[in-house]
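What follows is the residue order along each chain.
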Amino acid sequence: MKRQCRNMIVTLLAIITLGLSGIGTIEATSLSLVKDFPVSSGNYFYQLQSETPNRMNVLDIDLTDPYTDVALSYPKRFSQLQTTTNQALNFSSEKQTAVGAINGSFYHIANKEPIGLISEYNRLIHMGYFTHDLNNYVNQPIAFGVNRSGKAMIDTYTIALTYELNGQKYAITSMNKERNPNQLILYTDDYKYDTTHTNNYGIEIVVETNQSVDLVYGDTYAGVVTQIREYGDSTPLEIPKNGFVLSGNGDAFHQLKDIAIGEMIKVSATIDNKWRQAKFMLASGPQLVKNNQVAITMNTNSQKAKEVAPRSAVGIDASGDHVYFITVDGRQSGYSKGMTLMDFARYLVELGVDRAINLDGGGSTTMSIRKYGDDVIRLFNRPSDGRERGVSSVLLALTSEPSHHNVYFKDIKPGDSHYESVRWISGQGIKGYEDANFRPNTSLSRMHASIMFTKTLDLSMTQITSDMDIFTDVASTHVYANYIATMKAHHIFGGSNGFFYPSESLTREQMASTIVRAFNLSSSGEHVNVRLSNVSDSHKQNVQILADLGITSQLNDFRPKEPVTRAQFATFLYNTTVYLNS
């Protein structure tokens, strides 16, 4: 869909055009657009409301945008849950800023550890597990991630963790987790404890290597057995910094019991080729949509699937160029009741996503957004707990765009005559209106000009007191009193007979005089031929200065008596700073 199609027409069985660049039209009975706004270059947010009622949030992430990326966040120690917003804030840096975030996959209530696979930069970080019980969410190996070509994927995966002894390979159950009966667990330095924390009903083999065991897919880590803790021994066994421990119980004990000190053991992790060199992978489930059709990979009659609850999902388009973070709030009567898994999948199909996978829901459902005009990301949806819940993983929408490009307006787009100057002035702190519009063609009021001058010149704000004399028509309680007083203090606006006329439009010739005074401009000595016959005498010299300095190119008719628009004023300020910087 085209971004210019942002106005929804909502009627019974209406076709609703959302404006998501990778999403087709939505056929729905009663969806209405609550709000939408640009978050950054390549990231656009929509909030929808149904009559049910349900409140739905969608963040469209364009991976073809040069400043935009998607990332995975998780706590340093998996047992330490953190809220979605805090993980997003902690992830942000000078190079990349999180502008959108959604809660990730499921975790164990008891030990707080993720249930599914976590992989990053071609490394096995957390193996997790899945059940074959179709009544559970995570019942098969399927993940969301970004592959080596930078395309978003939702697909199955095949992973193998093995050790090799005397040329024979053996399967390892999992890694860095509590050992259960008949399991063979690999412990590395990434484990949350310094020791294996296992009981004495098993055998443990310590292997030291000459490098850290990072478990990069396809790499082999070879080492020599240096210590063995026999069955029945309860002495805590420390995990080597460079090396690993194999811990076996039951059948796995019999597999390891004949290993001797000095023998060489190799460990390796492999994954199927489509996921090799992936930027990251996050396993979850079930899959909800495939090829823009409902394709739920769990029992839809199960209690979990039939529960009306808050839901979270991540979706992609058919090209893998667009990612969609999608939440539905729930358990809040009169605001949003939530959805069954089938309802949620149908909603995603209506949105037009090609594939989607379910994420943790219920009280974990969270959407955080850097709202229009804000400097940092904040909680945006309404979690059913009334607060954010700590989660074990988070998906992030990132921007690396320079900070002065951080504000976007719905009514300014590339190619518009004032696009660059409006983008520039937004970086000076001008945020536009709450509806995410700049209103470029609206006449600029004198009070709003005061704000733009104060912020672009980085003037020290004059603080108003109740007895301070500003202008006759500007009380100390006026919403922009400080800005207007700053203009008077710096002799940018002088007023007329003690009046400022804050709501009146600033004419173009008045603007010329205020710019000359604000930037202390003077003629360069080169006299440019500009028409001044229709300019008021008090402003002629200042219009001439703007022409001499090349700040205006409208020499045949400056249109001095016309109100200056907001976009025109931004361009005049931008041109002035360009001149001064050159």
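Preceding this section is the structure that the text describes.
Rules used throughout
Residues numbered from 1 in each chain as written. Predicted model: local features only at pLDDT ≥ 70, side-chain atom pairs only at ≥ 80, totals over all residues. Heavy atoms only, no water. Core = buried A, V, L, I, M, F, W, Y, C linked by side-chain atoms within 4.5 Å. Buried < 20%, exposed > 50% of the residue type's maximum accessible area, 1.4 Å probe, protein only. Helix = DSSP H or I, 4+ residues; strand = E, 2+ residues; numbered from the N terminus. Contact = heavy atoms within 4.5 Å. Axes fitted to C-alpha atoms, helices over the stretch in contact; angles between N-to-C directions. Left-handed = near helix turned anticlockwise from the far one by under 90°. Nonpolar A, V, L, I, M, F, W, Y, C, P; charged D, E, K, R; others polar.

J.: I'm lost on the nonpolar core in this one. Help?
T.: General note: in soluble globular proteins, nonpolar side chains tend to be found buried as a group. By size, the foremost hydrophobic cluster in this structure holds 52 residues, and its most contacted members are F453, I515, L521, F569 and L573. Taken together, the elements giving at least two residues each to this core come down to α5 (419-426), α6 (446-456), α7 (481-489), α8 (508-519), α9 (537-548) and α10 (566-581). The residues contacting I515, other than those within four sequence positions of it, are F453, N520, L521, L546, F569, F572, L573 and T576.

J.: Explain unusual backbone geometry to me, please; I cannot follow it from the model alone.
T.: With glycine set apart, most residues show a phi of negative sign, and most peptide bonds adopt trans. Along the chain, T52 connects to P53 via a cis peptide bond; the corresponding omega equals 5°. If you trace the backbone, P53 turns up in the loop between β4 (43-50) and β5 (54-62). For the peptide bond that leads from G285 to P286, omega is 0°, which places it in the cis range. By secondary structure assignment, the location of P286 is in the loop between β20 (280-283) and β21 (287-290). Phi at L215 takes a positive value of approximately 55°, unusual for a residue other than glycine. Position of L215 relative to the elements: it lies in the loop between β16 (203-209) and β17 (220-229). Looking at L215, the relative accessible area reads 1%, which means it is buried. We note that N497 has phi near 55°; this positive angle belongs to a residue other than glycine.

J.: Got a minute to help me understand the packing of α8 against α10 in this structure?
T.: Axis angle and axis distance: for two packed helices, these are the angle between their axes and the distance between the axes, and together they describe the pair. Orientation of α8 relative to α10, taken along the N-to-C sense of each, is 30°, at an axis distance of 11 Å. For the element pair α8 and α10, the recorded crossing hand is right-handed. Along the contact surface, α8 presents R508, M511, I515 and F519, while α10 presents Q568, F569, F572, L573, T576, T577 and L580. Class assignment for the residues of the contact of α8 with α10 results in seven nonpolar, three polar and one charged.

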